[in-house]
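# Results of the structural survey
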Amino acid sequence: MRGDVQTFDLAEVTRRSLNQALHDATDGASFEVVNPRGAHAVACGITSDIDVVVRGSVGYYCAGMHQQGRVRVEGNASTGLAENIMSGEVHITGNATMSAGATGCGGLLVVGGNSGARCGISMKGVDIVVGGNVGHMSAFMAQAGNLVVCGDAAADLGDSIYEAQIFVRGDVESLGADCVEKEVRPEHLDTLGRLLAAAGAAAGGADPGDFRRYGSARRLYNFTIDDVDALAAEAAVEREVAGR
Amino acid sequence: MTERSVGTSTGTSDDDIDPLATSDPDYWHLRESYTFDRNVIAEIRRAANTGIYRIRGWGAKRRMPTLDDLVFLGASMSRYPLEGYREACGTDVVIGEDRAERPVHLRIPVTIAGMSFGSLSAQAKEALGRGASAAGTSTTTGDGGMTAEEREHSSVLVYQYLPSRYGMNPDDLRAADAIEVVVGQGAKPGGGGMLLGQKITERVAEMRTLPTGIDQRSACRHPDWTGPDDLEIKIGELREITDWQVPIYVKVGAARPYYDTALAVKAGADAVVVDGMQGGTAATQDVFIEHVGIPTIAAIPEAVRALRELGVHRREVKLIAAGGVRSGADVAKALALGADAASIGTAALIAIGDNDPAYESEYRELGTSAGYWEDFQSGTDPAGITTQDPELSARVDPELAGRRLANYLQVLTIETQILARANGKSHVLNLEPEDLAALTVEAAAMAKVPLAGTSWVPGAD
């Protein structure tokens, strides 16, 4: 935290006044939010290089569309934590429910506890590190970025995945359509090492060498289109040749 | 029939004969099956050859009840018409003045529906922006995000917030004049977008964070909310991120318009866009286009019923009706049924040159004809509109095409005024169901207006 810390008590002031202050803030400012009491859309749409600490649990879309600076939540978060994050960092000490980091385009999301279903759904470049487990359909239709899971992954991991990469240290209940295990090469160990270091204590000292990598088999990228007419034409030519 | 002399007297070769159109008695025994007509047979053969469902653009082509099945009653002894050139007939529409710091002000009650860069060329998007801006109305982005060109050339730009979130950028969200949360569209309520590999060029791929050349199938459901309670929270987030500056619309395909509209109002929408099944698409399964959703004429009254019951009709929440709107008559009828504006997509593309007969020889090479072109997914559009091919898209002159669209929008508006004045209305939004009669029992039941010449509204208490 840098400079003077401005405190917003959501038991006293509205979410609107908090978010407006965050949107109006200049680089370097620091904020503390107390008594969030599960409020939705806390600290969403931040555009400057500021620090925000939320002491307590938040509702949906905390730090949604985050663009710069750091948001740290000391508690749990409901659906859509850091959805569509563009850059900067969002770090939560507790658990995040569904769709954490959904459609994130960049930056870093760190979940200290577990993350529920569809963690990293449609992610587009964000890096997500989860200290615990992730729920079913995580990284569904994930397009780009890295999902690092220090615990286990529930069913249908990486279903219909594009070019995102998934790293899991524990067990994978099942892989979704078109998601396959891939070789861990030195560059992947570098990526893992960088992300685990960035996640700090949330990663629990996990070793990059303990992870397995999953990604797209790229079999669903294009439609499979038959052409029986062409085969029939070939067969007709063969019959004609044979008949001569 | 070994001797086929049919048509030779007119100089036509045998190959050109349409057996069902000829006057030659030799063919009178032929009877096309209503169930298995040639179109059906062609589709079965195509499916048997390829093993893949038919994908195409455009909207539903089947016959269905439409706004054409309604007529205006006009003025009579008890209703006074307004003078066409002497008495004012307002056309402006305001959206979001209840909640947004910057409500949307439209000069005309016709908007341009969401169509993406990617499905359309950059030139076509620019033309839509130029035409709409000249006419004083809005354009809308689509799946794939906002381009600098469309922002620059659209004085009022609505930013679509879609399930795929392709190209979704909070800076663009804040740069928009309104946000439209897309739940569905008329061509495919319950389906996601499609953009086939031929159109995923490097620029399109980069905007959507996808590999080039893939057959892209967009998500059909939002990734971070499900259901109306979540949507209310999502709209709250969008308002917070944009500091409550701009209106928020919710767009639904016409499926259950009464409930969908009520739930959109409950979720906090400033406008509800209801898109009937005639609504177009750049690419979707044919089975979706033709068999899912209900016609526009059936959807509008149900949406209006919900708005009236909630006490927000023509007040806090505006209704934009879309799907097969082609003329000022369609616009006026949509308004009379209770919509605040009508939205056009397919008609706008035709105005800027889609299906242009000037390219007939090229349509023929593609196995089609001007007036039938629907393969928007192929990227081979001779008119240069639904393509990313640089040579084809260069055929669209954004300034001239924009001028055509502005002209067309002007005609729609004047036609709407003509009909409003004929019914004695000094503002197009004063049109009302009482001004209408239905020509068919179906239309009477759907539009909830009396069958012409009777006071009978089928299904009314």
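Throughout what follows, the structure given in this document is the object of discussion. Given the structure is predicted, the values throughout are model-derived calculations rather than measurements.

### Some words on the side chain of Asp69(B)
All names here are of chain B. Its place among the elements puts Asp69 in the loop between strand E1 (55-58) and strand E2 (70-72). Lacking a salt bridge, the buried Asp69 has Arg63 as its closest oppositely charged neighbour, with an N-O distance of 5.4 Å. With near-sequence residues (within four places) excluded, Asp69 lies in contact with Met64, Ala437, Ala438, Leu439, Thr440 and Ala443.

### Considering the interface of chain B and chain A
Across the contact, 42 residues belong to chain B and 42 residues belong to chain A. A combined buried area of about 3,300 Å² lies between chain B and chain A, and 55% of that area is made up of carbon and sulfur atoms. Salt-bridge contacts for Glu240(B) lead to Arg15(A); the nearest nitrogen and oxygen are separated by 3.7 Å. Applying the counting rule to chain B against chain A returns 24 residue pairs in polar contact (both at pLDDT 80 or more). The element best represented in the side of chain B that touches chain A is helix H6 (residues 228-241) of chain B, accounting for eight residues. Its residues assigned to classes, the side of chain B that touches chain A comprises 21 nonpolar, eight polar and 13 charged.

### Section: the sheet that holds strand E15 (residues 341-344) of chain B
Residues and elements named next belong to chain B. Judged by pairing direction, the sheet is parallel, and its eight strands sit side by side in the order E5-E15-E14-E12-E11-E8-E7-E6 without closing on themselves. Pairing within the sheet leaves two strands with one partner each, and these edge strands are strand E5 (110-112) and strand E6 (138-140). Across this sheet, the average inter-strand angle for adjacent strands is 30°, counted without regard to direction. Where strand E12 (residues 271-275) and strand E14 (residues 318-322) come together, five bridges link them in parallel fashion. What sits directly across from Ala271, in E14, is Lys318.

### Topic: helix H2 (residues 122-135) of chain B
Residue and element names in this part refer to chain B. The end-to-end C-alpha distance of H2 is 20 Å, a good match for the 20 Å that 14 residues give at a rise of 1.5 Å each. Counted residue by residue, H2 has ten buried out of 14 residues, so it is predominantly covered. Against the buried residues of H2 lie E5, E6, helix H3 (148-153), helix H5 (202-208), helix H11 (346-351) and helix H14 (398-422). Following H2 by one or two positions, Gly136 adopts a phi angle in the positive range, close to 85°.

### As for unusual backbone geometry
What is expected of a backbone is that most residues other than glycine have negative phi and most peptide bonds are trans. For Thr103(A), which is not glycine, the phi torsion reads 60° and is therefore positive. Relative to the helices and strands, Thr103(A) resides in the loop between strand E5 (89-92) and strand E6 (108-111). With a relative accessible area of 0%, Thr103(A) lands in the buried category. Phi at Arg165(B) is positive, roughly 55°, even though this residue is not glycine. On the secondary structure map, Arg165(B) appears in the loop between strand E7 (156-161) and helix H4 (170-175). Given the relative accessible area of 2%, Arg165(B) is considered buried.

### What about the pairing of E7(B)?
Residues and elements named next belong to chain B. Of all the six residues making up E7, six are buried; the element is thus mostly covered by neighbouring parts of the structure. Burial of the side chains of E7 extends over both faces: Val156, Val158 and Gln160 are buried on one face and Leu157, Tyr159 and Tyr161 on the other. Where E6 and E7 come together, three bridges link them in parallel fashion. Within the sheet, the bridge partner assigned to Thr139 lies in E7 and is Leu157. One crossover worth recording links E6 to the parallel E7 by way of H3, and it is right-handed. At this point the chain moves from E7, through H4, to the parallel strand E8 (residues 178-182), and the crossover so formed is right-handed.

### A look at the sheet that holds E6(A)
Strand pairing in a sheet relies on backbone hydrogen bonds, with the paired strands running either antiparallel or parallel. All names here are of chain A. The eleven strands are arranged E1-E2-E3-E4-E5-E6-E7-E8-E9-E11-E10 in an open sheet whose pairing can be described as mixed. The strands lining the two open edges of the sheet, one partner per strand, are strand E1 (5-9) and strand E10 (179-182). Ignoring strand direction, the axes of neighbouring strands in this sheet form an average angle of 15°. Pairing of E1 with strand E2 (residues 30-34) involves five bridges; the strand directions are parallel. Bridge pairing links Phe8 to Val33 in E2.

### Overview of the packing of aromatic side chains
Per the stated rule, a full pass over the model turns up seven aromatic pairs over all chains. Look at Phe8(A) and Phe31(A): their rings are 6.2 Å apart centre to centre, the planes differ by 40°, and that puts the pair in the tilted class. A residue pair is termed long-range when its members are at least 10 positions apart, and Phe8(A) in strand E1 and Phe31(A) in strand E2 qualify at 23 residues. Under the relative-accessibility criterion, Phe8(A) is labelled buried at 9%. A cation sits over an aromatic face here: Arg203(B) above Phe117(B), 4.5 Å from the ring centre. Here the basic side chain of Arg305(B) rests over the ring of Tyr258(B), its NZ or CZ set 3.9 Å away from the ring centre.

Calculation criteria
- Residues numbered from 1 in each chain as written.
- Chains lettered and ligands numbered in written order.
- Predicted model: local features only at pLDDT ≥ 70, side-chain atom pairs only at ≥ 80, totals over all residues.
- Heavy atoms only, no water.
- Helix = DSSP H or I, 4+ residues; strand = E, 2+ residues; numbered from the N terminus.
- Buried < 20%, exposed > 50% of the residue type's maximum accessible area, 1.4 Å probe, protein only.
- Lys, Arg positive; Asp, Glu negative; His and termini not counted.
- Salt bridge = Lys/Arg side-chain N within 4 Å of Asp/Glu carboxyl O.
- Contact = heavy atoms within 4.5 Å.
- Buried area = accessible area lost by both parts, 1.4 Å probe.
- Polar contact = N/O pair within 3.5 Å; in protein donor to acceptor, adjacent residues only side chain to side chain.
- Nonpolar A, V, L, I, M, F, W, Y, C, P; charged D, E, K, R; others polar.
- Pairing = 2+ DSSP bridges.
- Axes fitted to C-alpha atoms, helices over the stretch in contact; angles between N-to-C directions.
- Expected span 1.5 Å × (residues − 1).
- Right-handed = clockwise from strand over helix to strand, strands pointing away.
- Phe/Tyr/Trp six-rings, centres within 6.5 Å; stacked < 30°, edge-to-face > 60°.
- Lys NZ or Arg CZ within 6 Å of the ring centre and 35° of its normal.

Any link to function would need more than the numbers given here.
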